[in-house]
Amino acid sequence: MKRSVKFLKFLCWSLLTVASGILLVSASAYLYLSPSLPSVESLRDAKLQTPLRVYSQDNLLIAEFGEKRRTPIQFENTPTHMVKAFMAAEDDRFYYHPGVDIMGLMRAAVQLVSTGSIQSGGSTITMQVAKNFFLSHERVFSRKFNEILLALQIEQQLSKDEIFELYLNKIYLGNRSYGVEAAAQVYYGKSINELNLAQIAMIAGLPKAPSRYNPINDPKRALIRRDWILGRMKDLGYVTPEEYYEAVSQPVTASYHGAKIELDAPYIAEMVRQQMFEQYGQDAYTEGFKVYTTVSSDLQNAANLSVANGLMAYNERHGYRGPVTNLFDNPPKDGWQQHLNKSSSPGILLPAMVTQVGEEEVEIGLKNGNAGKISWENLSWAKPFLTVNSFGYSPKKPSDVLKAGDQIWVRVNEDGSYRLAQEPKAQSALISLHPENGATLALVGGYNFYDSMYNRATQAVRQAGSSFKPFVYAAAIANGMTAATIVNDAPIVFDDAGLEDSWRPNNDNMKFNGPMRLREGLYRSRNLVSIRVLRQVGINNTIRYLKQLGFKEEQLSRDLSLSLGNVSMTPLELATGYAVLANGGYRIEPWLIQRVETVDELIFEAKPAIACNASCVASLDKETTELEDQEEDTLSTISDLEETITQEAPLNTETNDQPVIAKSVMTPQVNYIMNDIMNDVIWKGTGRRAQALKRHDIGGKTGTTNDSKDAWFVGFNPDVLTAVWVGMDDYSTLGRWEYGANAALPIWLEYMHTALEGKPEHKQPQPEGLVTLKISRENGKLAQPGDPNAIFEIFRQENAPQQLSDENLPSLGEMDHEFSPEDLF
């Protein structure tokens, strides 16, 4: 008996000693490690690394940039099955332990001894939060002890739901996905609220080993893990037996889903990315910025299609260059079907292979085992391409164009039929702005961004050609010429010792029309008239005026070639100049980013300068006065309230939302006359194709440079301004029959059908200081009474003609020769 008592005493003292030792070691470790522990309070403000996302004006996703895909969620919005699945997989006693689960650690040890592996982790969810937010993944004792200490602290300062929310948003789940919402999008292309029980369990199985249990990389192993979690959920009472059996019968449905891009605007996305990186550096990709642009999804889609269709039409005008290859003559190792399946689709084109050639149609095989036909109507355009200026005879039957095995490109018509196509050699750019404030409505920088990231809308410096002439004519009208000034469209020769030969400029059609009004010279785009206009105004005067409009002096030629558009600039720069014409004479700057937000903060909001004439300013002044009156009333009311209301409240009404007024750089009178002349470009001149819009509020100008290397059309009304350029990246010719009117204008026209649809006609109001007089068509002076050829013309009041038409016209044979340089300035 005494021996038993002594043994019990020894055992008790031994246990007490061991416990004291453990307590002493733990206390020592705590005292040693606790000073270096991070503040748990920082978890409340933890910034999850979230990618940069770019959106359209109407909230469609354009792009996502960043290494980590993450979409933070709130715990209350998380499906119950998602929470229970992670508890079953990682920590079923989460809501009962203080952050460290002794029973869980013991269970993990038993699993390790009995099966050789741990199915449910020994670390609690709270310990995993501590590790993921604060600690490294180094396997050392000090890190594990820190993890335990941090878990205990976290449990004291955060609620269980807050901890679980941090866990669900932070955990890595494979394939660059961090957090459960990102994983749902990556593996299933759905939000977490759209997943079924089997899919939820599959995601819950990933934290243990995101690569090993990945349903894309190893579906068999992932299935075993999923079913084990479902079994645990059944055993724990989280799901009914019926739900369990239904879920385990589900096959693996995971597949990789990239970011769900809702609007194809890659050039816009790259412009935003560059701006954000310049502003925020690498933080741009991790701080969760949401960038909302000024781009309209409807207009961007229209711009994409218009450019693609315009380049396809150019292709067809120049003939067919032949198939990519013949897959029967050069069979791929994995077969033609797999070869097509792996082929990318540049722009609107689809890869196809000719399977059979008939008398009236061609049968084709497409991706994924699909098939189709190309009718003769969609094939007959394919004359053999010879050079950019020539092609072979028109084909008579399908076999003249294609044979079985040919790998080709096709595109889909509006009715769903297929049309033979080919990748374009030419390129195009389209930029559309709101003239009033410079907001970018749509932008296309080339046919295929993924083939060439070169943004031709903002980076391609090209010669403007005749599309620049309106600015020279505006300078002329501003310097005293009128739309009725008679200018001779006749040959002219310039001799210059600095040139190897005399300069003999010509019109594009090599014809001359003699004396004509300045108005007619512009809408008919007569080169010889433009040269004489610039000579009369003077190059210095003209350049001074062009600088005022916003053009850079280094862009402008200091010779008479300036009148023919011998200036080089990007489509965006040219469009910005045209905005002055479209908005009433105000200099605006183009912009793209409307606002930048994070999850809980507005970081930036654009406040662009706006074009605002006298009536607009008066209207703003009235609004400002009314707002100030309202603020005074508000302040008066606040002063009568209880003293508990703070003094900061009325200060919040001072939002500094007053609009910035753009600088006026062209008088309303000059602007109105120029708009009227450019409207004639549409109804009488080189822009006649635009009459298809059946609107009288649009103006524009075509442009074609020497040897047809560049083709332009820039057109506008006060609501939408759009510039289109077509050309070759290597500056080679588009072909001798390619002009702004048939290469660029059709693209502009297709786009503007959408851009102006449903919008009422909108013209700039006629300002004071203008008079409309009846003049002689022949000499621009006041018409004689009863003159049957008299026409109406608009004049600035101070430049209106005073004399009746009674003088002879200049001689058609007049030729200018050997002008001194001093005469030009």
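Now for a look at the structure at hand.

Conventions adopted
- Residues numbered from 1 in each chain as written.
- Predicted model: local features only at pLDDT ≥ 70, side-chain atom pairs only at ≥ 80, totals over all residues.
- Heavy atoms only, no water.
- Helix = DSSP H or I, 4+ residues; strand = E, 2+ residues; numbered from the N terminus.
- Buried < 20%, exposed > 50% of the residue type's maximum accessible area, 1.4 Å probe, protein only.
- Contact = heavy atoms within 4.5 Å.
- Areas by Shrake-Rupley, 256 points an atom, 1.4 Å probe, with all protein chains shown as cover.
- Polar contact = N/O pair within 3.5 Å; in protein donor to acceptor, adjacent residues only side chain to side chain.
- Pairing = 2+ DSSP bridges.
- Axes fitted to C-alpha atoms, helices over the stretch in contact; angles between N-to-C directions.
- Core = buried A, V, L, I, M, F, W, Y, C linked by side-chain atoms within 4.5 Å.
- Parallel < 35°, antiparallel > 145°, perpendicular 65-115°, else oblique.
- Left-handed = near helix turned anticlockwise from the far one by under 90°.
- Nonpolar A, V, L, I, M, F, W, Y, C, P; charged D, E, K, R; others polar.
- Phe/Tyr/Trp six-rings, centres within 6.5 Å; stacked < 30°, edge-to-face > 60°.
- Lys NZ or Arg CZ within 6 Å of the ring centre and 35° of its normal.

1. Remarks on the overall build of the chain
Line of reasoning, step 1. Helices and strands together make up the secondary structure of the chain, namely 22 helices and 30 strands.
Line of reasoning, step 2. The proportion of buried residues among the 825 residues of the chain is 49%.
Line of reasoning, step 3. Contacts in the chain between residues far apart in sequence, at least 24 positions, make up 70% of those at least 6 positions apart.
Line of reasoning, step 4. When the accessible area of the chain is evaluated, it comes to approximately 40,400 Å², of which 51% is carbon and sulfur surface.

2. A few points about helix α8 (residues 197–204)
Line of reasoning, step 1. Across the eight residues that make up α8, a large majority, eight, are buried.
Line of reasoning, step 2. Buried within α8 are the following residues: L197, A198, Q199, I200, A201, M202, I203 and A204.
Line of reasoning, step 3. Lining the buried residues of α8 we find α2 (80–90), α7 (180–188), α9 (219–235) and α10 (241–248).
Line of reasoning, step 4. The distance from a side-chain oxygen at the start of α8 to the backbone nitrogen of A198 is 3.1 Å, and the residue carrying that oxygen is N196.

3. Quick notes on the sheet that holds strand β21 (residues 602–605)
Line of reasoning, step 1. Strand order in the open sheet made by the five strands is β2-β1-β3-β20-β21, with mixed pairing throughout. Edge positions in the sheet fall to β2 (61–65) and β21, since each has one partner strand and no second. Strand after strand, the sheet turns through a mean of 15 degrees between neighbouring axes, direction not considered.
Line of reasoning, step 2. Direction of pairing for strand β3 (residues 290–293) relative to strand β20 (residues 593–597): antiparallel, over a ladder of four bridges. What sits directly across from K290, in β20, is E597.

4. Section: the nonpolar core
Line of reasoning, step 1. In this structure, F468, F471, L549, Y578 and M674 are the most contacted members of the largest nonpolar core, which totals 89 residues.
Line of reasoning, step 2. Per-element tally for this core: the top contributor is helix α18 (residues 571–582), with eight residues.
Line of reasoning, step 3. Leave out the neighbours within four places in its chain, and M674 touches P470, Y473, A474, I477, L522 and L581.
Line of reasoning, step 4. With 48 residues, the next largest nonpolar core counts A85, F86, V129 and I203 among its residues.

5. What about the packing of α7 against α8?
Line of reasoning, step 1. One way to put it is that α7 packs onto α8 with a least axis distance of 11 Å and a crossing angle of 115 degrees. One finds that α7 runs roughly perpendicular with respect to α8. Between α7 and α8 lies a crossing whose hand is right-handed. When α7 is examined against α8, the residues A183, A184 and Y188 are found in contact with a partner set consisting of Q199, M202 and I203.
Line of reasoning, step 2. Along the lines of polarity and charge, the residues of the contact of α7 with α8 split into five nonpolar, one polar and no charged.

6. As for the sheet that holds strand β12 (residues 427–433)
Line of reasoning, step 1. Strand order in the open sheet formed by five strands is β13-β12-β27-β26-β25, with antiparallel pairing between adjacent strands. Both outer strands of the open sheet, β13 (440–444) and β25 (699–704), are each paired with one neighbouring strand and no more. Averaged over all pairs of adjacent strands, the angle between strand axes in this sheet comes to 5 degrees, irrespective of strand direction.
Line of reasoning, step 2. Sheet topology note: the β12/β13 ladder contains four bridges and is antiparallel. Counterpart to S432 in the pairing with β13 is A442.
Line of reasoning, step 3. On top of the sheet, helix α22 (residues 740–755) reaches β12, β13, β25, β26 (710–716) and β27 (721–727); it is set at about 35 degrees to β26, its chief contact.

7. A few points about helix α14 (residues 469–478)
Line of reasoning, step 1. Burial analysis of α14 places nine of its ten residues in the buried class, the great majority of the element.
Line of reasoning, step 2. Listed in full, the buried residues belonging to α14 are K469, P470, F471, V472, Y473, A474, A475, A476 and I477.
Line of reasoning, step 3. Just past α14, the residue G480 takes up positive phi, approximately 110 degrees.

8. Brief notes about the packing of aromatic side chains
Line of reasoning, step 1. Applying the stated criterion across every chain yields a total of 19 aromatic pairs.
Line of reasoning, step 2. Here the aromatic rings of Y55 and Y292 are separated by 5.1 Å at their centres, their planes lie at 15 degrees, and the arrangement is stacked. Highlighted residues: Y55 in strand β1 (residues 52–55) and Y292 in strand β3, separated in sequence by 237 residues. With respect to burial, Y55 and Y292 carry one shared label: buried.
Line of reasoning, step 3. The interplanar angle of 90 degrees and the centroid separation of 5.4 Å between the aromatic rings of F449 and Y450 together place this pair among those described as edge-to-face.
Line of reasoning, step 4. Judged by relative accessible area, F449 falls into the buried class, the value being 11%.
Line of reasoning, step 5. Under the relative-accessibility criterion, Y450 is labelled exposed at 65%.
Line of reasoning, step 6. By the ring-pair criterion, three or more aromatic residues cluster together here, those being F75, F86, F94, Y95, F164 and Y167.
Line of reasoning, step 7. We note K383 situated over the ring of F391; from NZ or CZ to the ring centre the distance is 4.8 Å.

The analysis is restricted to geometry; functional conclusions fall outside its scope.
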